[in-house]
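# Tertiary structure, described
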Number of protein chains: 2
Amino acid sequence: MKIGQATIKDIAKALNVSSSTVSRALKDYPGISDETKRKVKELADKWNYRPNAVALSLRKSKSFTIGVIIPEVVHFFFSTVISGIEEVAFMHGYNVILCQTNEKLKREISSVETIISNQIDGLLVSFSKETTNFDHFKRLIEQHYPVVFFDRIPNLENSVNITVNDYQGAFDATKHLISQGYKDILHLAGPRNLDISKNRMNGYMDALKEAEMPVKPHRIIECPEGVQEESFKICAKVFKEQDRPDAIFANNDMAAAGAMRGVKSLGLKIPEDVGVVGFSNWQFSSMVDPPLSTVSQPGFKIGERATQLLIEMIEQKGDEPFTPKLEILETELLIRGSSVR
Amino acid sequence: MKIGQATIKDIAKALNVSSSTVSRALKDYPGISDETKRKVKELADKWNYRPNAVALSLRKSKSFTIGVIIPEVVHFFFSTVISGIEEVAFMHGYNVILCQTNEKLKREISSVETIISNQIDGLLVSFSKETTNFDHFKRLIEQHYPVVFFDRIPNLENSVNITVNDYQGAFDATKHLISQGYKDILHLAGPRNLDISKNRMNGYMDALKEAEMPVKPHRIIECPEGVQEESFKICAKVFKEQDRPDAIFANNDMAAAGAMRGVKSLGLKIPEDVGVVGFSNWQFSSMVDPPLSTVSQPGFKIGERATQLLIEMIEQKGDEPFTPKLEILETELLIRGSSVR
DNA sequence: ATCGTAACCGCAATCGTTTGCGACAATGTG
DNA sequence: CACATTGTCGCAAACGATTGCGGTTACGAT
């Protein structure tokens, strides 16, 4: 009365047939009598037979499992991406193995090792802030191993990438602030080695240029950590000066939230004295006071689309290399209280 | 010049030895000459040999993988738990397979199936809101399959459980409101079939009793969804009446946030007119206005501890059943602006 | 010359499943 | 009656690694 671990061999022995017969009977192969099929299926059902996925993986060198390498799980954007990944993977019968790098390169490399030795069918990657050398991914791509980069994408030949239009999002956000009459917009920038930070900064700068407003280097301040305290301190200082900005475009909502606190701590009012726009539409942004205007990234969609692409690659027959790709999903500017006066 | 997929056989063939010799040489078994060991290791290194984890799983019926079944990934509390799980699993050389149920029983059952057929070594479970029948878990436990329930724990014989002291957290929160002079405290309760909701409600009621305040049934309103709009509407209505409460203890922060908006929409002031305390310390709760007092649950710790317990169970030799357990972690009341006048 | 004894290594089974090929019987055909 | 055909099924190899047991050398001892 085995449960969940009866094997084909057990069934074969009990019915006095060979494992091949059982295997074929279960899949309705021709060449097996109806009588045998019936008996096999009956017993398989009774014993609650489930094929051993590990044996199948070994035999077929396919595990129906995809790996996800992600900087952090506790992050609203990434968790929505994971959710999208999980949905599509589940629909297609794939499992998801999760590796969190905590923004550490070493951990990322070790995760790639794990992935390889576990016969995982493909990989979804958003690399860590520390990652500047991509050899560990390059090797995979050269071997035609299915990899899709999302959000943070590398500059690698023949890679498949999906990201959001950070440039446009930043452009729209900045333009919106300008249209609201703000004249001196501070940009709280992200880590310099991430393309997404650069793109957002460029969007910011181009929006200023388009409006024929000066791009002042001292109005771009890097917030490498992206935590609240960082931007709080920066703004508490910058906005105390005589010649202060009258608006903020932040690289992400967390920085924007810290900035809002910093500005408020000086007695300045949002949005009357200072307009603020963030990036990513974190869960809290609609709940702060005033509600934070932000650029929403389609996290769930990214996860979905990245997984679709990956599964297509996995299931593509033959040995041809994958066609390199770069898909860019559009952002959406959510205008709320923090930037409308 | 294979990379990442050289097998023992390949090495054996290249060196004209048997696979057994290669296997033994790589693990420094006695009975292999130093010369052979050297050659084997050299080639293994050159070819970047990595043992095939799938083959190992099959041979040893152990996969060094643990499964996590969780209602939702996009949820601050659960994402911190996942993070804790991932940390400890990684430290011990285990992989993490993630299954999100989206609060659906059907999906949960299907995930359990997957887990079984994938030879996964053990399971961490927080079940869905729909789950009232636990047969799919019961079977596992009866087979002495390692399972640890966390946060939402079932009433099952011989199960291993870890959760937080919801009762005490709710008790503390309510007592705090009372000590601030609030006289009529509304409880926005959670789904009735979850023990955690019941425990929180009991904590609320006992705190009232201890203060010799009446427990009024109409001051306990269920918010099964736990989304903002739900509690927003409820509070926008309840607080419009003449005989209105003067404080709110919510089953979670999301409900509390909606409640705050509902109360504010009527022109009432927090904390002067109405005090509010939430539960879970979601990321946004310190950023709303005023900052939300809440009960913080040690999500990361739960994940860590649950995984430790699970790995101990997995690595416990022998067939003895696991000793049932119930570990309760303490919560911490975070007093912020929403409840101090 | 014979035997014992290390030292070193290979054979083959095993984990559970799939699958090409061949075996055997029953049946039909000439 | 001899042969081909069809319907059923089993054998064995394969996936990659491990491991008990046995085999082959070379060496020294008797």
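Residues numbered from 1 in each chain as written. Chains lettered and ligands numbered in written order. Predicted model: local features only at pLDDT ≥ 70, side-chain atom pairs only at ≥ 80, totals over all residues. Heavy atoms only, no water.

### Regarding the protein's contact with DNA strand D
Every one of the 28 residues lining DNA strand D counts as a neighbour, but Thr 21 and Arg 24 of chain A together with Ile 8, Lys 27 and Arg 59 of chain B are closest to it. The share of sugar and phosphate among atoms of DNA strand D within 4 Å of the protein is 59%. Contact distances for DNA strand D include 3.2 Å between a base nitrogen and a side-chain N or O atom of Arg 59 of chain A. Within the contact set of DNA strand D, a base oxygen lies 3.5 Å away from a side-chain nitrogen or oxygen of Ser 20 of chain B. Listed by contribution, the elements that provide at least two residues to the surface near DNA strand D are α2 (19-26) and α4 (53-60) of chain A together with α1 (8-15), α2 (19-26) and α4 (53-60) of chain B. Take the surface near DNA strand D: its biggest share by element is 4 residues, from α4 of chain B. Of the residues in the surface near DNA strand D, the class split is 9 nonpolar, 11 polar and 8 charged. (Near = heavy atom within 4 Å. Polar contact = N/O pair within 3.5 Å; in protein donor to acceptor, adjacent residues only side chain to side chain. Helix = DSSP H or I, 4+ residues; strand = E, 2+ residues; numbered from the N terminus. Nonpolar A, V, L, I, M, F, W, Y, C, P; charged D, E, K, R; others polar.)

### Re the pairing of strand β5 (residues 160-164) of chain A
All names here are of chain A. Burial within β5 is extensive, with 5 of its 5 residues counted as buried. Side chains Val 160, Ile 162 and Val 164 project from β5 onto one buried face, and the interleaved Asn 161 and Thr 163 project onto a second face that is buried too. Both strand β4 (residues 147-150) and β5 contribute to a ladder of 3 bridges, which runs parallel. In the sheet register, Val 148 faces β5, and the bridge partner there is Val 160. In this sheet, strand β11 (residues 325-329) lies alongside β5 in parallel orientation, the contact comprising 5 bridges. Bridging across to β11, Asn 161 finds its partner in Leu 326. (Buried < 20%, exposed > 50% of the residue type's maximum accessible area, 1.4 Å probe, protein only. Pairing = 2+ DSSP bridges.)

### Section: the sheet that holds strand β9 (residues 275-277) of chain A
Residue and element names in this part refer to chain A. Overall, parallel pairing links the 4 strands, which are arranged β7-β6-β8-β9 in an open sheet. Because the sheet does not close on itself, it has two edges, and the strands there are β7 (220-222) and β9. Within the sheet, the average angular offset between the axes of one strand and its neighbour, ignoring direction, is 20°. On top of the sheet, helix α8 (residues 166-179) reaches β6 (185-189), β8 (247-250) and β9; it is set at about 170° to β8, its chief contact. Contacting β6, β7 and β8, helix α10 (residues 228-238) runs over the sheet at an angle of about 155° to β6. (Axes fitted to C-alpha atoms, helices over the stretch in contact; angles between N-to-C directions. Contact = heavy atoms within 4.5 Å.)

### Observations concerning the relation of the copies chain A and chain B
Superposition record for chain A on chain B: RMSD 0.1 Å, screw rotation 180°, translation along axis 0.0 Å. Each copy turns onto its partner about a two-fold axis. Most of the interface of chain A is mirrored in chain B, where 100% of its interface residues again form contacts. (Least-squares fit on C-alpha atoms with pLDDT ≥ 70 in both.)

### Focus: the domain arrangement of chain A
According to the domain assignment, chain A consists of domain 1 (8-51), domain 2 (61-163 + 299-328) and domain 3 (166-297 + 334-339). Computed over C-alpha atoms, the centres of domain 1 of chain A and domain 2 of chain A are 38 Å apart. (Domains from an automatic or database assignment.)

### Observations concerning the sheet that holds strand β6 (residues 185-189) of chain B
Residue and element names in this part refer to chain B. In spatial order, the strands read β7-β6-β8-β9; together these 4 strands make up an open sheet with parallel pairing. Only two strands of the sheet have a single partner each, and these edge strands are β7 (220-222) and β9 (275-277). For this sheet, the mean inter-axis angle between neighbouring strands, taken without regard to orientation, is 20°. With 3 bridges connecting them, strand β8 (residues 247-250) and β9 associate as parallel partners. What sits directly across from Phe 249, in β9, is Val 277. Helix α9 (residues 195-210) contacts β6, β7 and β8 of the sheet and is inclined by roughly 165° relative to β6. Its contacts with the sheet place helix α10 (residues 228-238) against β6, β7 and β8, and it is angled at close to 155° to β6.

### Quick word on the protein's contact with DNA strand C
Looking at DNA strand C, there are 28 residues lining it, with Ile 8 and Lys 27 of chain A together with Thr 21, Arg 24 and Thr 36 of chain B nearest. The share of sugar and phosphate among atoms of DNA strand C within 4 Å of the protein is 58%. One of the backbone N or O atoms of Asn 52 of chain A is found 3.1 Å from a phosphate oxygen in DNA strand C. One of the side-chain nitrogen or oxygen atoms of Ser 18 of chain B is found 2.9 Å away from a phosphate oxygen of DNA strand C. Among the secondary structure elements, those contributing two or more residues to the surface near DNA strand C are α1 (8-15), α2 and α4 of chain A together with α2 and α4 of chain B. Looking at the surface near DNA strand C, the element that brings in the most residues is α4 of chain A, giving 4 residues. When the residues that make up the surface near DNA strand C are grouped by side-chain class, the tally is 9 nonpolar, 11 polar and 8 charged.

### Quick word on the interface of chain A and chain B
The interface is formed by 49 residues belonging to chain A together with 49 residues belonging to chain B. Between chain A and chain B the total buried area reaches about 4500 Å² when both faces are included, carbon and sulfur atoms providing 57% of it. When residues of chain A are sorted by the area they lose upon contact with chain B, Val 54, Val 74 and Met 287 of chain A head the list and together hold 14% of the total. The partner of Glu 87 of chain B in a salt bridge is Arg 107 of chain A, with the nearest N and O atoms 3.3 Å apart. (Buried area = accessible area lost by both parts, 1.4 Å probe. Salt bridge = Lys/Arg side-chain N within 4 Å of Asp/Glu carboxyl O.)

### Examining empty space enclosed by the protein
Taken as a whole and assessed by the stated rule, the structure comprises 5 cavities of 30 Å³ or more. Empty space within the largest cavity amounts to approximately 210 Å³. Looking at the largest cavity, it is lined by 16 residues, and the ones nearest its centre are Val 54, Thr 65 and Asn 118 of chain A together with Thr 65 and Asn 118 of chain B. Broken down by secondary-structure element, the contributors of at least two residues to the lining of the largest cavity are α4 of chain A together with α4 of chain B. In terms of residue class, the lining of the largest cavity is made up of 8 nonpolar, 8 polar and no charged. Of the pockets and cavities examined, the second largest cavity occupies roughly 120 Å³. Put simply, the parts of the chain that give the lining of the second largest cavity at least two residues each are α5 (76-91) of chain A together with α5 (76-91) of chain B. Split by residue class, the lining of the second largest cavity holds 8 nonpolar, 6 polar and no charged. (1 Å grid on protein atoms, 1.4 Å probe; cavity = no way out; pocket = protein on both sides within 12 Å on 5 of 7 lines; lining within 4 Å. Points joined across faces, edges and corners; volume = space filled by probe spheres on them.)

### A closer look at the packing of aromatic side chains
For the structure on display, the rule yields 14 aromatic pairs over all chains. On the basis of an interplanar angle of 55° and a centroid distance of 5.5 Å, the ring pair of Phe 77 of chain A and Phe 78 of chain A is categorised as tilted. Residue classification places Phe 77 of chain A among the buried positions, given a relative accessible area of 4%. Note on Phe 78 of chain A: relative accessible area 2%, which makes it buried. Ring geometry for Tyr 167 of chain A versus Phe 171 of chain A: centroids 6.2 Å apart, planes at 25°, classification stacked. Remark: Phe 171 of chain A and Tyr 167 of chain A occur in helix α8; sequence separation between them is 4 residues, near one turn of the helix. The cationic tip of Lys 62 of chain B hangs over the ring face of Phe 64 of chain B; the distance from NZ or CZ to the ring centre is 3.8 Å. The ring of Phe 279 of chain B has Arg 200 of chain B sitting right over it, with the charged end atom 3.9 Å from the ring centre. (Phe/Tyr/Trp six-rings, centres within 6.5 Å; stacked < 30°, edge-to-face > 60°. Lys NZ or Arg CZ within 6 Å of the ring centre and 35° of its normal.)

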